[in-house]
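Next come the chains, spelled out residue by residue.
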Amino acid sequence: MLSSCQKHVTQIDTDEQKDKVVLTASIGEETKTFLEQTSDFTFKVRWAEEDDIILWDRDIDYSAVEDSEEYAGYFHISSGVGESVAEFTLEEGYMPDRYLAAYGDIWPIYDKWLIWAPYNQGREMYETKDGDIVEGFDYWDYPMYAVGEGSNVQFKNLFAVLKLGVVGNGETLNRIRIQSLDEGVMLSGDALFTFDDHGANIQFCEENVGDYEVDVYDYIEFNPTYWDEYEENGDYYSQEHKAVLSDEPVECYIVLPAQEYPSGLKITLVTDEG
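Below or above, wherever it landed, is the structure these notes cover. Note that this is a predicted model, so its numbers are computed, not measured. Every chain's residues receive numbers from 1 upward, in the order its sequence appears when written. For a predicted model such as this one, the threshold for reporting local features is a pLDDT of at least 70, and the threshold for listing and counting side-chain atom pairs is 80 or more; totals across whole chains, interfaces and linings nevertheless cover every residue. Side-chain measures were taken over the full set of non-hydrogen atoms in the model, leaving aside hydrogen atoms and water.

**Here's the deal with the pattern of salt bridges**
Once their charged atoms are close, side chains differing in charge can pair, the charge on each being opposite to the other.
Part 1 of the reasoning: Any Lys or Arg side-chain nitrogen located within 4 Å of an Asp or Glu carboxyl oxygen qualifies as a salt bridge. Evaluated as defined, the whole model comprises 5 salt bridges.
Part 2 of the reasoning: A salt bridge links aspartate 59 to arginine 98; the shortest N-O distance between them is 2.9 Å. Of this pair, aspartate 59 sits in the loop between strand E5 (52–57) and strand E6 (72–79) while arginine 98 sits in strand E8 (residues 98–103), and the two are 39 residues apart along the sequence.
Part 3 of the reasoning: Only protein chains enter the calculation, and the probe is 1.4 Å; a residue is then buried if its accessible area is under 20% of its type maximum, exposed if over 50%, and partly exposed in between. Arginine 98 gets classed as partly exposed once you look at its relative accessible area, which sits at 29%.
Part 4 of the reasoning: In this structure, the salt-bridge partner of arginine 175 is glutamate 221, at a minimum N-O distance of 3.3 Å. Residue arginine 175 is found in strand E16 (residues 172–180), and its partner glutamate 221 is found in strand E20 (residues 219–223); the two are separated by 46 residues along the sequence.
Part 5 of the reasoning: What makes arginine 175 partly exposed here is its relative accessible area of 36%.
Part 6 of the reasoning: By relative accessible area, glutamate 221 is classed as buried at 15%.
Part 7 of the reasoning: Connected through salt bridges with shared partners, the residues Arg175, Arg177 and Glu221 form a single ionic network. Elements are defined by DSSP. Helices are runs of H or I of four residues or more, strands are runs of E of two residues or more, and each kind is numbered from the N terminus.

Below is the structure:
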């Protein structure tokens with residue numbers, strides 16, 4: 001299990017573009033957005049292309065507003081892809097004085113905060129700064145949060161990563177199912193997110209939140225097939241890569257809530273042969 005993360009966000013003002021708000025985000029040793037293995041036991045973390053951060057205004061009573069998205073700032077990575085330090089530029093909204101910073105699906109609904117733990121997950125490929133291709137998980141599948149004000153915040157994780165290396169004899173790995181063995185212990189779906197200046201936790205929803213119908217699951221379905229794009233004669237095409245098993249492990253990174261599993265987890269591998 002890979003967990004325990006942090007990253008630091010600092011605001012930078014530029015003379016050339018005074019209307020532009022830039023966040024410089026540096027990542028700790030064991031956090032998302034993708035994992036670059038540098039030795040048998042070490043994974044370094046890098047920012048990935050298309051990464052985003054949302055800053056939610058903490059001084060707003062969201063139960064009294066119609067459109068919560070009016071009180072947020074949306075930042076997109078502008079430099080530093082493949083590095084542990086990257087810059088994020090404000091693309092929409094504003095930077096609140098006091099905020100909850102979110103990487104992933106963390107949203108205010110009525111007077112509560114909801115977080116989404118993905119039940120459909122898959123393999124993704126990322127390019128390192130040296131041009132190597134490494135495996136990871138889907139964009140935004142590993143939510144993190146930070147409570148801050150001003151220009152410095154520290155992100156923390158709520159989830160862990162289960163790495164499975166699957167070998168075989170020519171079979172095609174079609175899917176992996178991870179299921180809780182304890183009644184009432186959920187693995188994915190809508191969860192209530194609570195936080196303060198010192199910590200945070202999640203609790204999967206037991207009932208709807210206002211008019212919002214929640215979904216919770218005691219399992220995660222993982223698809224080991226991935227797609228990439230290639231260019232030919234100026235046109236771009238998508239290419240499917242099935243997970244054919246051999247002596248070389250197919251690496252699968254599955255995002256799990258960081259919680260107790262008293263009876264453990266059931267892992268089912270489904271191939272084209274059963």
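Next comes the rest of the account.
**Thoughts on the environment of cysteine 205**
Part 1 of the reasoning: Among the structural elements, cysteine 205 can be located in the loop between strand E18 (200–204) and strand E19 (216–217).
Part 2 of the reasoning: Sequence-wise, cysteine 205 and aspartate 215 are 10 residues apart; in three dimensions their C-alpha atoms are separated by 7.9 Å.
Part 3 of the reasoning: What makes two residues a contact is simply this: any of their non-hydrogen atoms within 4.5 Å. When residues no more than four places from it in sequence are discounted, the contact partners of cysteine 205 are Leu114, Asp190, Ala191, Leu192, Val214 and Val216.

**As for the nonpolar core**
Part 1 of the reasoning: Here, the term nonpolar core denotes a set of buried Ala, Val, Leu, Ile, Met, Phe, Trp, Tyr and Cys residues that are joined through side-chain atoms within 4.5 Å. Ranked by internal contacts, the top residues of the largest apolar core, which has 41 residues, are Trp56, Leu100, Ile106, Ile115, Phe155, Phe159 and Phe193.
Part 2 of the reasoning: Residues Leu173, Ile178, Phe222 and Tyr261 belong to the second largest nonpolar core, which totals 17 residues.

**Comments concerning the packing of aromatic side chains**
Part 1 of the reasoning: Whether two aromatic rings pair depends on their centres lying within 6.5 Å, for rings of Phe, Tyr and Trp, where Trp uses its six-membered ring; planes under 30 degrees apart make the pair stacked, over 60 edge-to-face, and the rest tilted. On inspection of all chains with the given rule, the structure shows 12 aromatic pairs.
Part 2 of the reasoning: An angle of 85° between the planes, with centres 6.3 Å apart, marks the rings of tryptophan 56 and tyrosine 62 as edge-to-face. A single burial state applies to tryptophan 56 and to tyrosine 62, both of which are buried.
Part 3 of the reasoning: Measuring from ring centre to ring centre gives 6.0 Å for tryptophan 116 and tyrosine 119, while their planes differ by 75°; the resulting arrangement is edge-to-face.
Part 4 of the reasoning: Cluster of aromatic residues (ring-pair linked, three or more members): Trp56, Tyr62, Tyr71, Trp107, Trp113, Tyr145, Phe193 and Phe195.
Part 5 of the reasoning: Remark: a charge is flagged as sitting over a ring if the NZ atom of Lys or the CZ atom of Arg is within 6 Å of the ring centre and within 35 degrees of the ring normal. Between arginine 177 and the ring centre of tyrosine 219, over which it is positioned, the NZ or CZ distance is 4.1 Å.

**Digging into the side chain of threonine 89**
Part 1 of the reasoning: With respect to the helices, strands and loops of the structure, threonine 89 is situated in strand E7 (residues 85–93).
Part 2 of the reasoning: Taking relative accessible area as the criterion, threonine 89 reaches 11% and is therefore assigned buried.
Part 3 of the reasoning: Excluding residues that lie within four positions of it along the chain, threonine 89 makes contacts with Lys20, Val21, Val22, Tyr74, Phe75, His76 and Ser78.

**Considering the environment of glutamate 149**
Part 1 of the reasoning: Relative to the elements of secondary structure, glutamate 149 occurs in strand E13 (residues 144–149).
Part 2 of the reasoning: For glutamate 149 and tyrosine 99, which are 50 residues apart along the polypeptide, the C-alpha to C-alpha distance reads 6.0 Å.
Part 3 of the reasoning: Dropping the residues within four chain positions of it, glutamate 149 is found in contact with Asp97, Arg98 and Tyr99.

**Brief notes about a negative patch on the surface**
Part 1 of the reasoning: Taken together, the side chains of Glu66, Asp67, Glu69, Glu70, Glu91 and Glu92 define an acidic patch exposed on the protein surface.
Part 2 of the reasoning: One can find glutamate 70 in the loop between E5 and E6.
Part 3 of the reasoning: When its relative accessible area of 52% is taken as the criterion, glutamate 70 is described as exposed. Patch membership needs two things, relative accessible area over 30% and no salt bridge, and members are linked within 9 Å if like-charged or within 5 Å if nonpolar (Val, Leu, Ile, Met, Phe, Trp, Tyr). For every accessible area listed, the method is Shrake-Rupley and the probe measures 1.4 Å; residues are considered covered only by the protein chains on display. For this count, His and the chain ends are skipped, Lys and Arg are scored as positive, and Asp and Glu as negative. Here the site of a charge means atom NZ of a Lys, CZ of an Arg, CG of an Asp or CD of a Glu.

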